[in-house]
Amino acid sequence: LLSPQPPNAGYRMAAPRMADPHPLFDDTSAAGGGGGGGRPTGPGLRGSASQPVSSLAVVYGSSLASQGRDIVGCNLDRLIPVGRLKYYFAVDTIYVGRKLGLLIFSFVHQDWQVRYQQDTPVAPRFDINAPDLYIPVMAFVTYILIAGLALGTQNRFSPDSLGLQASSALAWLIVEVLAVLLSLYLVTINTDLTTIDLIAFAGYKYVGMIIGLVFRLLFSRTGYYVVLSWCCLSIFMIRTLRLKLLSEAAAEGVLVRGAKNQLRMYLTMAVATAQPLFMYWLTYHLLR
Amino acid sequence: MAFTLYSLLQAALLIVNAIAVLHEERFLRHVGWGSDQGIGGFGEEPGIKAQLTNLIRSVRTVMRAAISARHFQSILPSRTDSV
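Everything numeric in this text was worked out from a predicted model, so none of it was measured.

Cut-off values and rules
- Residues numbered from 1 in each chain as written.
- Chains lettered and ligands numbered in written order.
- Predicted model: local features only at pLDDT ≥ 70, side-chain atom pairs only at ≥ 80, totals over all residues.
- Heavy atoms only, no water.
- Helix = DSSP H or I, 4+ residues; strand = E, 2+ residues; numbered from the N terminus.
- Buried < 20%, exposed > 50% of the residue type's maximum accessible area, 1.4 Å probe, protein only.
- 1 Å grid on protein atoms, 1.4 Å probe; cavity = no way out; pocket = protein on both sides within 12 Å on 5 of 7 lines; lining within 4 Å.
- Points joined across faces, edges and corners; volume = space filled by probe spheres on them.
- Nonpolar A, V, L, I, M, F, W, Y, C, P; charged D, E, K, R; others polar.
- Contact = heavy atoms within 4.5 Å.
- Salt bridge = Lys/Arg side-chain N within 4 Å of Asp/Glu carboxyl O.
- Polar contact = N/O pair within 3.5 Å; in protein donor to acceptor, adjacent residues only side chain to side chain.

Trainee: How should I be thinking about the environment of Ala270 of chain A in this particular structure?
Mentor: All names here are of chain A. As for its position among the elements, Ala270 is in helix α13 (residues 259–283). Its relative accessible area of 43% is what places Ala270 among the partly exposed residues. C-alpha separation for the pair Ala270 and Ser234, spaced 36 residues apart in sequence, amounts to 9.8 Å.

What follows is the structure in structure tokens.
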């Protein structure tokens, strides 16, 4: 009776997650003590000679792993504010649908004010005006895929051209965000637009680019131009940035004089005009 | 279109270098962008020119160490080549 027990114990030690022949001893602890419940203590003692060492090793290894994870998390948190990023991905399907409709038909929407909740913006799930990062990221990836498709229809496709398109679009995105940041700094606008907000706004243009490309693939070139001029986010940009950049009085439509307000209006107009230009620049070379 | 991230990095490096070599005394003073040339009162907000001047000065200060290191790093291998 005693001889088959140690191999069983060794077997249990090696693979504690495998199906236990005795279903009473559901082994979930590292010490494997669950298996020693109804056993005679003789083989239990012999099996447990290896138990403390292996359990020590398991505990030490898990503590090392958690330490490493802490270090990585701490360092990563300094570079990229992960907590802040989570806010931008708090979306759901209804929000995405409504936001896409808002991007395409910007003139229907009336209230563009972002709702706040005790000084912090409400998550995008609850407020359609809040910027998010989910749509820009998805639209970026879809744009690259459709770019590959468009190149393929002209026999100009190769696998590294996808990477080239991706890095090129990313570089232009960085250039645009840096330009807006620089002009915000120069005109000394005190706004609560963060960098991630700007990245989100710059990423919304990919939606229009995708629709333009799809229309170009399906219909003729004029369809592409029509769609591109329709989906250009100028109205969206103007209305969103108007609330953020301009002063209170100017945002409500009252004509306010002063060089500063003029500069702010110019900046808003420049950003809005840059959108269709970028959209055209990034797509025309794909479908010549 | 071959506008990659690497070329963006190169372009940024060159632009920063160009800003850093604008010498204060020999050039900027004559244009009127010297860092001590009347940058507005304290009470009101600085205009664009003051912001640009501050930007140039801060870029120069920050980049001086980095560019010296970069030059050092690029000169040293060429010296060991000739030896």
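Trainee: Would you mind showing me how to read empty space enclosed by the protein here?
Mentor: Remark: the empty space left among the atoms is shown by a probe the size of a water molecule rolled over them. Residue and element names in this part refer to chain A. Summed over all chains, the structure comprises three cavities of 30 Å³ or more. The volume enclosed by the largest cavity comes to roughly 80 Å³. Considering the residues around the largest cavity, the lining is formed by Glu176, Val177, Val180, Leu198, Phe201, Ala202, Met237, Leu241, Val271 and Gln275. Among the elements of the structure, α7 (159–186), α8 (195–203), α11 (234–245) and α13 are those that each provide at least two residues to the lining of the largest cavity. Among the residues forming the lining of the largest cavity, the class breakdown is eight nonpolar, one polar and one charged.

Trainee: It is not clear to me how the interface of chain B and chain A should be interpreted in this structure. Could you clarify?
Mentor: Interface size, as often reported, equals the accessible area lost upon joining of the parts. At the interface, 13 residues of chain B touch 17 residues of chain A. Here chain B and chain A share zero salt bridges between them. Taken together, the connections running from chain B to chain A amount to zero residue pairs in polar contact (both at pLDDT 80 or more). Among the secondary structure elements, those contributing two or more residues to the side of chain B that touches chain A are α1 (5–20) and α3 (48–82) of chain B.

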